[in-house]
Amino acid sequence: MRLLHMADLHLGKKLNEASLIEDQRFILTQALAAVDREQPDAVLLAGDIYDKPVPPAEAVALLDDFLTALAARGCKTVVISGNHESAERLAFGARLLRAQGVALSAPPQRDRLLPAPLTLSDAYGPVHLWGLPFVKPAHVRAALPDEPVETYTDALRALIAHLPINPAERNVLVCHQFITGGARSESEDIPVGGLDNVDASVFDAFDYVALGHLHRAQRVGREAVRYAGSPLAYSFGEVGDVKGALLTELGPKGTFAVRAVPLQPLRALRELRGTYEALTLRANYQGTATDDYLHITLTDEYDVPDAMGKLRVIYPNLLKLDYDNARTRRDMLSGLTQGPEQRSPEAMLDDFYALQNNRPLDAAAHAYALDALAACWEERT
């Protein structure tokens, strides 16, 4: 039994306000080519299919095209919701789509915890593909009011304990949670204090666990508990990561093999560093992928006027610009030694705006912000 495991598509996502829909369409075309090449029996989409609870129309159309193309190939698909989208919206039409081989998992309810698994068969017998959408303890307490559920581990353990799993047969779980020990990246939501941790032991009943949520491909605990990672890099902290899918081949009960299926992006995320003069010298950029999504760090000692605008003439998808020089290193040391309580609200606002927008607050906006801060203080007093 061959399963192509993908996760964290985040359709409709923007990176520093740049729409990635064209890049996502390209990577899903790459995924369909992988399906044609690898001939999996099913594709497992492990949550965060959309980036927002109410996705833009082009993201919905893109998912529709992808699922339709998989169904046309006779490939079964299991789709679950993650923490980014609305589970109820994603599960719309689930009963109709199941007849086409697309199993959408709705969130657990008191009268129906989870849908029946999608069951496939090969020479070694049946394989049950279970879909478990992202859940919080509150969701499980509502569905199982008699269960003592306090933590995320309690919630997953209680739900799985109520599934009619036949341990003599092969069972695969598609799930979207943070498993203790997983390596996060900066493009993911990080709850305070690790409250969302789930112990991997809750998955002991499954022969393979197809996870979503973490954007780096990795195993957590035993070999059969795997994150596929996102098919695209969604933060500059993921520069250099190999992105794609996982192909899992199940043999007889208790045996399996996993290998990476890399997917090539339309544009890579890259980081460049140097002086303005070096980065704008034709000999240095000619023949390079200047339309990649870029983070540039200038090492000039003095700020270059309108550096972002000028650099975008050469690098049209420059998304982030900063400096590394004596001034910025001095400011960094000052920030380390000077706590927030020692800095004025307007200074912190200026820093926050510059961090978010890669440019300082202009004079008019700065004056408006000062008036707004003054009004706030007057209301408090």
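Asks: I keep staring at the overall build of the protein and nothing clicks. Help me out?
Replies: From N to C terminus, the protein includes 12 helices and 19 strands. Taking the principal axes of the C-alpha coordinates as reference, the protein spans close to 70 × 60 × 35 Å. For the protein, buried positions account for 48% of its 381 residues. Of the contacts formed within the protein by residues at least 6 apart in sequence, a portion of 67% connects residues at least 24 apart. In the form shown here, the protein has an accessible surface area of approximately 19,000 Å², with 54% of it arising from carbon and sulfur atoms.

Asks: Hey, could you run me through the sheet that holds strand β1 (residues 2-6) in this one?
Replies: Within a sheet, each strand pairs with its neighbour through backbone hydrogen bonds, oriented either parallel or antiparallel. Here 6 strands make up an open sheet; going across it, the order is β6-β5-β4-β1-β15-β16 and the pairing mixed. Edge positions in the open sheet fall to β6 (102-104) and β16 (256-262), since each of these has one partner strand only. Strand-to-strand twist in this sheet, taken as the mean axis angle between neighbours without regard to direction, amounts to 20°. Alignment of strand β5 (residues 76-80) against β6, held across 3 bridges, turns out to be parallel. Bridge pairing links Thr-77 to Val-102 in β6.

Asks: Explanation requested: the pattern of salt bridges in the structure shown.
Replies: Pairs can form between side chains of opposite charge once their charged atoms are near each other. Under the criterion given, the structure shown has 17 salt bridges. Asp-303 is paired through a salt bridge with Arg-327; the nearest N and O atoms lie 2.9 Å apart. Here Asp-303, found in the loop between β18 (293-298) and α9 (307-314), pairs with Arg-327, found in helix α10 (residues 326-337); they are 24 residues apart in sequence, far enough to count as distant. The salt bridge involving Arg-329 is made with Asp-324; its shortest N-O contact spans 2.8 Å.

Asks: Even after reading the chapter, I still don't get the packing of helix α1 (residues 21-38) against helix α2 (residues 57-72), so can you show me in this structure?
Replies: The relative placement of two packed helices comes down to the angle between their axes together with the axis-to-axis distance. The interhelical angle for the contact between α1 and α2, taken along N-to-C directions, is 5°, at an axis separation of 11 Å. Taken as axis vectors, α1 and α2 run roughly parallel relative to one another. Of the residues in α2, those in contact with Ile-21, Gln-24, Arg-25, Leu-28, Ala-31, Leu-32 and Val-35 of α1 are Glu-58, Ala-59, Leu-62, Phe-66, Ala-69 and Leu-70. Split into classes, the residues belonging to the contact of α1 with α2 amount to 10 nonpolar, 1 polar and 2 charged.

Asks: Help me understand α1 in this model?
Replies: It helps to recall that an α-helix has 3.6 residues per turn; residues three or four apart then point in one direction. Helix length check: α1 (18 residues) gives 25 Å between terminal C-alpha atoms against 26 Å at 1.5 Å per residue, within 8%. Those residues of α1 that sit buried are Ile-21, Asp-23, Gln-24, Ile-27, Leu-28, Ala-31, Leu-32, Ala-34, Val-35 and Glu-38. Looking one or two residues past α1, Gln-39 carries a phi angle of roughly 55°, positive in sign.

Asks: It is not clear to me how the environment of Phe-236 should be interpreted in this structure. Could you clarify?
Replies: Inspection of the secondary structure assignment puts Phe-236 in the loop between β14 (225-227) and β15 (244-250). Distance from Phe-236 to Pro-360, taken between C-alpha atoms, is 21 Å for residues 124 residues apart in sequence.

Asks: Got a minute to help me understand the pairing of strand β4 (residues 42-46) in this structure?
Replies: Regular strands show a simple pattern: their side chains alternate between the two faces of the sheet. For β4, the tally of buried residues reaches 5 of 5 residues, placing the bulk of the element in the interior. A two-sided burial pattern is seen for β4, the buried positions comprising Ala-42, Leu-44 and Ala-46 on one face and Val-43 and Leu-45 on the other. By the bridge criterion, 5 bridges tie β4 to β5 in an arrangement that is parallel. Bridged to Leu-44 within β5 is Val-78.

Asks: Explain the sheet that holds strand β19 (residues 318-323) to me, please; I cannot follow it from the model alone.
Replies: Strand order in the open sheet formed by 3 strands is β17-β18-β19, with parallel pairing between adjacent strands. Two strands lie at the open edges of the sheet, namely β17 (269-274) and β19, each paired on one side alone. Averaged over all pairs of adjacent strands, the angle between strand axes in this sheet comes to 15°, irrespective of strand direction. Taken together, the 6 bridges between β17 and β18 define a ladder with parallel strand orientation.

Asks: Would you mind going over the environment of Leu-211 with me for this structure?
Replies: As for its position among the elements, Leu-211 is in strand β12 (residues 208-212). Separated by 180 residues in the primary sequence, Leu-211 and Ala-31 have C-alpha atoms spaced 18 Å apart. Discounting residues that sit within four places of it in the chain, Leu-211 has contacts with His-5, Ala-7, Ala-46, Cys-175, Ile-179, Phe-203, Val-225, Arg-226, Tyr-227 and Ala-228.

Asks: Looking at this structure, I do not really get the pairing of β19. What am I missing?
Replies: As defined by bridge partners, β18 adjoins β19 across 5 bridges and the pair is classed as parallel. Looking across to β19, one finds that Leu-298 is bridged to Tyr-323. Once you follow β18 into α9 and on to β19, the crossover reads as right-handed.

The rules behind the values
- Residues numbered from 1 in each chain as written.
- Predicted model: local features only at pLDDT ≥ 70, side-chain atom pairs only at ≥ 80, totals over all residues.
- Heavy atoms only, no water.
- Helix = DSSP H or I, 4+ residues; strand = E, 2+ residues; numbered from the N terminus.
- Buried < 20%, exposed > 50% of the residue type's maximum accessible area, 1.4 Å probe, protein only.
- Contact = heavy atoms within 4.5 Å.
- Areas by Shrake-Rupley, 256 points an atom, 1.4 Å probe, with all protein chains shown as cover.
- Pairing = 2+ DSSP bridges.
- Axes fitted to C-alpha atoms, helices over the stretch in contact; angles between N-to-C directions.
- Salt bridge = Lys/Arg side-chain N within 4 Å of Asp/Glu carboxyl O.
- Parallel < 35°, antiparallel > 145°, perpendicular 65-115°, else oblique.
- Nonpolar A, V, L, I, M, F, W, Y, C, P; charged D, E, K, R; others polar.
- Expected span 1.5 Å × (residues − 1).
- Right-handed = clockwise from strand over helix to strand, strands pointing away.

In short, geometric facts, not functional conclusions.
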